[in-house]
Amino acid sequence: MTDSHSEFSSDVDSHADAPTIDPDLIDDAVDYFIPGEPLVDTKAPSGPIADRWSTRKFEAKLVNPANRRKLSIIIVGTGLAGASAAATLGEAGYNVKSFCYQDSPRRAHSIAAQGGINAAKNYKEDGDSVHRLFYDTVKGGDYRSRESNVYRLAEVSTNIIDQCVAQGVPFAREYGGLLDNRSFGGVQVSRTFYARGQTGQQLLIGAYQALERQVAAGTVTTYARHEMLEVIVADDSSGQRRARGIIARDMVTGEVQTHLADVVVLASGGYGNVFYLSTNAMGCNVTAAWRAHRKGAYMANPCYTQIHPTCIPVSGSHQSKLTLMSESLRNDGRIWVPKRKEDCAKDPREIPEEDRDYYLERIYPSFGNLVPRDIASRAAKYQCDDGRGVGPEVDGVRRGVYLDFADAIARLGRDAVEAKYGNLFDMYARITGEDPYEVPMRIYPAVHYVMGGLWVDYDLQSTIPGLFVTGEANFSDHGANRLGASALMQGLADGYFVLPHTIRDYLADGPFEKIDESHPAVVEARTSVEERINHFLTVNGTRSVDSYHRELGNIMWEYCGMERTEDGLKKAIDLIRTLKDDFYRNVKVLGTADSLNQSLEKAGRVADFLELGELMCIDALNRRESCGGHFRAESQTEDGEALRHDDAFAYVAAWEWGGEGEKPILHKEDLVYTAIEMKQRSYK
Amino acid sequence: MKLTLKIWRQPNAASTGAMHTYELDGVSPDMSFLEMLDVLNEDLNAKGEEPIAFDSDCREGICGMCGLMINGQAHGPEVTTTCQLHMRSFEDGDEIVIEPWRADAFPVLKDLCVDRGAFDRIIQQGGYISVNTGSAPEAHSIQVPKDAADRAFDVATCIGCGACVAACPNGSASLFMGAKITHLGELPQGQAERDSRVVNMVGQHDHEGFGGCTNIGECTAACPKEIPLDVISQLNRDLRTALRHGH
Ligand SMILES: Cc1cc2nc3c(=O)[nH]c(=O)nc-3n(C[C@H](O)[C@H](O)[C@H](O)COP(=O)(O)OP(=O)(O)OC[C@H]3O[C@@H](n4cnc5c(N)ncnc54)[C@H](O)[C@@H]3O)c2cc1C
Ligand code: SF4
Ligand code: FES
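Just so it is clear, the structure is predicted and the values come from calculations on it, not from any experiment. (Residues numbered from 1 in each chain as written. Chains lettered and ligands numbered in written order. Predicted model: local features only at pLDDT ≥ 70, side-chain atom pairs only at ≥ 80, totals over all residues. Heavy atoms only, no water.)

We now examine the overall build of chain A. In terms of regular secondary structure, chain A is built from 17 helices and 25 strands. Relative to its length of 684 residues, chain A is compact, with a C-alpha radius of gyration of 24 Å against a globular reference of 26 Å. Expressed as lengths along the three principal axes of its C-alpha atoms, the size of chain A is roughly 75 × 65 × 50 Å. A burial count over chain A gives 67% of its 684 residues as buried. Of the contacts formed within chain A by residues at least 6 apart in sequence, a portion of 75% connects residues at least 24 apart. Summed over its atoms, the accessible surface of chain A is roughly 22,200 Å², and 49% of this surface lies on carbon and sulfur atoms. Computed over 77 positive and 99 negative side-chain charges, the inter-centroid distance for chain A is 3 Å. (Helix = DSSP H or I, 4+ residues; strand = E, 2+ residues; numbered from the N terminus. Rg over C-alpha atoms; globule rule 2.2 N^0.38 Å. Buried < 20%, exposed > 50% of the residue type's maximum accessible area, 1.4 Å probe, protein only. Contact = heavy atoms within 4.5 Å. Areas by Shrake-Rupley, 256 points an atom, 1.4 Å probe, with all protein chains shown as cover. Lys, Arg positive; Asp, Glu negative; His and termini not counted. Charge placed at Lys NZ, Arg CZ, Asp CG, Glu CD.)

Pasting the structure below:
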């Protein structure tokens, strides 16, 4: 099937009025944080935006090929961001160690991306360009991303396709043998490259093969089934602080290992699993990033979350994850719920037309079922909150709405619908056991992606010298919302084309002073990991790790999900703090430290999610505006549109860890746009 | 539904394992197979018994991390991955036997988890096209006929789960290897290394202790991605050609 877009968001007209906000209204979170110094990205070159990346590449110091072997790099993560970096740096001759928690680097969650990858190739001669991709991405991010970074992303996007094709990635092709493109995310140009509904898989296999080639060449060593549990940040004899390694646990033997290096890269993916249920894989976690955060790396915009409207709903309290379905389904399916609560348990086919509420068509007559993602998601939530959701009752509420193809089948014929959506219908039938040709599908929004992540400068370096962050784990390119097909682009841009240049500037000053396992920073990191493991195994309480994770997820989803309010967020912070106390006193982890122990692995991840969840709520509380994926109920127009406040919030919120039990410190990086004008979104 | 589960338990790679029997009540047909095991594990944890270790990650049939022998069938009764199998494929009162992949080249690590590192080592021996980052030509300078591109894609969908090996009476990884050989061999970019690729990968395959292919076809029947058997013919053809070329 060629049009299984899993990602979609309508491009909308903009109007330029800039609403102002009463300054008294912007201190919601004043009791929860300490104001810090402003933050500036010192690495972004000035000058015309189109020249900045070439300037930076030229100015970055070089490393003599003969020295590279002596320089060691640790890369945590083998998704698109990590595998591409490991392969490229291995090819350059550095000494690379690559880590992942799965049993093979090929299984990182990038593998699950379906829809495609953007690149400004302009193969269709439809007016695409680097500048247009840049423009669409900044606008899609609701003017909350850093323009220099986004421009660079658009600029290197074209190289990515060349590289992947040369590696043998089997992109879709036209009959003439040239690459096919489609338009995606409602944008007006066709710039999305795809490999049926498995683009992420094919791109990742390409990067994985390049990585394994370097393993054979002896430049990269892989550590599968190894989980990074701490970063080592050490002072050298002159007092310079640098990231110098990690503590990892061999997940099979339980051995706690120290790995030292000249530089550390985190490419550890997104933290959507803080919501327990999401489209992420079971193991996706925040541990690598959070441990770095506690050691001094700032966490930027943690509340920016993308919620995808068309996922298969929860079927019961046993649910372990959610599955995304292509949003292209909204092109032909009509979304509705029963008008009356009494009808919600009925067979939908028995509910007559006049008793159905096609609420998107009713509220948004011009866009109808194709309203942007966040609006479609919120509207579904409101119907279900109102008691008019459908499907099985889970914890007393039905959380689902119908996506009905009866009209489309009548209009186009079953064969045409099958040709377009057959594989999605099959997937739906496999998971739900219902036949969507006969009974309307049920859908509900789910957490899909996080725009927030560790703060990085233009070089992708965090606030800890020598700690670089790439891919979904950093915050850099998507602002408050990510356009479809641009996460794959960012992961590969970072790993193949950006990091290899910026990291050499850092490594040119190395190899750094040798440290060994007796260095106090190493001892401290190791001891803290061992103590944590020991703690979890000795609490011997009454509740499983999963039960805590699920409860945290419920709190996050309820109060820090599709719609956020001051009261709700404050309540969530209290609930999370109580839950965290209880977790440390009452969790039950069986088994031993020196064997494969999946409960123990999960305990460490949930502990970090609990702290992250609190910070996300504080960040959301502070940001009393609606922008991108972040909707504050207090900041909307009369007709329920998101209302951004550029006068007060055109900044990146970079949070510094304040210490155990202390308030976090907020550093603001002002966003300045020189190459693009800020506009308000409107879907009318 | 109420089920009787007979599950292989083995504390670690060095020890010997045994089947254990568990009764599980309250299983809903909407649960996935792995969610059913999650529920069992919650029960065990509550009773103070260590949960059963099994692998999974994406739980949407694409990462290849999951994989169980279910009543003697790799990934169970349907053509899909273990994580996409749902309990509605079973009936109330059923007895279900659950074991790890069994193959010499996939040692059991604990309970239902095995070590599939051999697959990575086969890929290291040539399952790639050698092209350093930055040295690629403009993408449109390489034209690929659509049917070749489609065929390459079809076989490139292998998820590296290992069901083919587990299903094969000889423990052969020929289907996995044939899929990669065919994927890269269909494309113009893959021609330069075609001979050395097949020779080196097959060498590593045999070295890892995988068995030879005797054309039984259990692999393709068990494969959740329906990789066709003819990739093994392609593998053999490429190998003969390479040997003829003096490799
Ligand atoms: C279902 C789905 C569909 C999507 N579809 C699209 C799409 O069509 N287009 C698009 O552009 N984007 C899409 N996205 C988003 C995109 O896939 C991801 O944002 C992107 O792939 C993330 O890549 P990554 O390399 O940063 O992280 P990942 O691929 O998640 O890799 C993380 C790596 O870090 C490792 N790791 C994590 N923590 C640790 C630790 N503590 N110790 C050791 N290793 C660790 C993991 O083992 C893994 O190797 C989709 C996402 C999902 C979930
Ligand atoms: S060929 Fe099929 S069964 Fe074998 S590893 Fe690949 S996907 Fe799994
Ligand atoms: S868990 Fe990923 S394929 Fe089954």
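Time to look at the packing of helix α3 (residues 80-91) of chain A against helix α12 (residues 487-507) of chain A. Residue and element names in this part refer to chain A. Two elements in contact, α3 and α12, have axes separated by 8 Å at closest approach and are oriented at 35°. In terms of crossing hand, the pair formed by α3 and α12 is right-handed. Residues L80, A81, S84, A85, T88 and L89 of α3 form the contact with α12, whose own contacting residues are L488, G491, L492, G495, Y496, L499, P500 and I503. (Axes fitted to C-alpha atoms, helices over the stretch in contact; angles between N-to-C directions. Left-handed = near helix turned anticlockwise from the far one by under 90°.)

Residue and element names in this part refer to chain A. Neighbouring ligand 1 are 40 residues; Q102, S110, G115, M228 and E472 lie closest to it. Measuring from an oxygen atom of ligand 1, one finds a backbone N or O atom of A81 at 3.0 Å. A distance of 2.8 Å separates an oxygen atom of ligand 1 from a polar backbone atom of L488. Of all the secondary-structure elements, those providing two or more residues to the shell around ligand 1 are α3, β9 (226-235), β20 (441-450) and α12. (Near = heavy atom within 4 Å. Polar contact = N/O pair within 3.5 Å; in protein donor to acceptor, adjacent residues only side chain to side chain.)

Turning next to the sheet that holds strand β10 (residues 241-250) of chain A. Residues and elements named next belong to chain A. Here we have three strands laid out as an open sheet, ordered β9-β10-β11, and antiparallel in their pairing. Sheet topology places β9 and β11 (256-260) at the edges, where each strand pairs with a single neighbour. Between one strand axis and the next, the sheet turns through 30° on average, direction left out of account. As paired elements, β10 and β11 share five bridges and run antiparallel to each other. Considered in β11, the bridge of I247 is made with T258. With respect to the sheet, helix α13 (residues 520-539) is in contact with β9, β10 and β11, its orientation differing from that of β9 by roughly 145°. (Pairing = 2+ DSSP bridges.)

The next thing to look at is the domain arrangement of chain B. Buried accessible area, meaning the area lost when the parts come together, often serves as the stated size of an interface. Residues and elements named next belong to chain B. Parsing chain B into structural domains produces domain 1 (3-110) and domain 2 (117-244). Put simply, the middle of domain 1 and the middle of domain 2, counted by C-alpha atoms, are 29 Å apart. Across the contact, 17 residues belong to domain 1 and 18 residues belong to domain 2. The three residues of domain 1 that bury the most area against domain 2 are V79, A105 and F106, which together make up 37% of that side's buried surface. Counting every contact that joins domain 1 to domain 2 gives zero salt bridges. Linking domain 1 with domain 2 are two residue pairs in polar contact (both at pLDDT 80 or more). Counted by class, the side of domain 1 that touches domain 2 contains ten nonpolar, five polar and two charged residues. (Domains from an automatic or database assignment. Buried area = accessible area lost by both parts, 1.4 Å probe. Salt bridge = Lys/Arg side-chain N within 4 Å of Asp/Glu carboxyl O. Nonpolar A, V, L, I, M, F, W, Y, C, P; charged D, E, K, R; others polar.)

This paragraph deals with the UniProt feature "active site" (unreviewed entry) in chain A. All names here are of chain A. UniProt records the feature "active site" (unreviewed entry) for R373 in the present numbering. Exposure remark for R373: the relative accessible area of 5% places this residue in the buried category. Within polar-contact distance, the side chain of R373 engages the side chain of Q306 at 2.5 Å. (UniProt positions renumbered as here; feature names shortened; annotations may be inferred.)

Residues and elements named next belong to chain A. Residues V401 and L403 of strand β19 (residues 401-404) are buried on one face, and the alternating residues Y402 and D404, pointing to the opposite face, are buried as well. Pairing geometry for strand β15 (residues 334-338) and β19, over three bridges, is antiparallel. Bridging from a neighbouring strand, R334 pairs with D404 of β19. Two elements, β19 and β20, share three bridges in a ladder whose sense is antiparallel. Looking across to β20, one finds that V401 is bridged to I443.

Another aspect to go through is the side chain of R644 of chain A. Inspection of the secondary structure puts R644 of chain A in the loop between α16 (598-622) and α17 (646-649). Within polar-contact distance, the side chain of R644 of chain A engages the side chain of D646 of chain A at 2.7 Å.

The subject of this paragraph is the side chain of S486 of chain A. Residue and element names in this part refer to chain A. Along the chain, S486 falls in the loop between β22 (467-469) and α12. For S486, a relative accessible area of 1% puts it in the buried group. Once residues within four sequence positions are removed from consideration, S486 is found in contact with N118 and H478.

Residue and element names in this part refer to chain A. As for its placement among the helices and strands, V450 is situated in strand β20. On the basis of relative accessibility, which here comes to 0%, the residue V450 falls in the buried class. Residues V450 and T637, spaced 187 residues apart in sequence, show a C-alpha to C-alpha distance of 25 Å. The contact partners of V450, leaving out residues within four places of it in the chain, are G270, Y271, G272, Y304, T305 and E472.

Next up on the list: the nonpolar core. Counting residues in hydrophobic clusters, the biggest one holds 221 residues, and the most contacted among them are I117, F171, L266 and F405 of chain A. Considering every element that reaches this core, the biggest residue donor is α16 of chain A, with 13 residues. Leave out the neighbours within four places in its chain, and F171 of chain A touches I117, I161, C164, V165, L179, F193, Y194, A195, T199 and L203 of chain A together with A149 of chain B. Counting 26 residues, the second largest nonpolar core, distinct from the first, contains L24, M36, C83 and M87 of chain B. (Core = buried A, V, L, I, M, F, W, Y, C linked by side-chain atoms within 4.5 Å.)

Residues and elements named next belong to chain A. Taken in spatial order, the five strands make up an open sheet running β8-β4-β3-β12-β22, and their pairing is parallel. One side of each edge strand has no neighbouring strand; the edge strands of this open sheet are β8 (220-223) and β22. Strand-to-strand, the axes of this sheet are offset by a mean angle of 20°, without reference to chain direction. In this structure, strand β4 (residues 95-99) lies alongside β8, joined through four bridges in parallel fashion. Its bridge partner being in β8, V96 is matched across the sheet by V220. Strands β4 and β8 of the sheet are contacted by helix α6 (residues 199-217), whose axis makes an angle of about 115° with β8.

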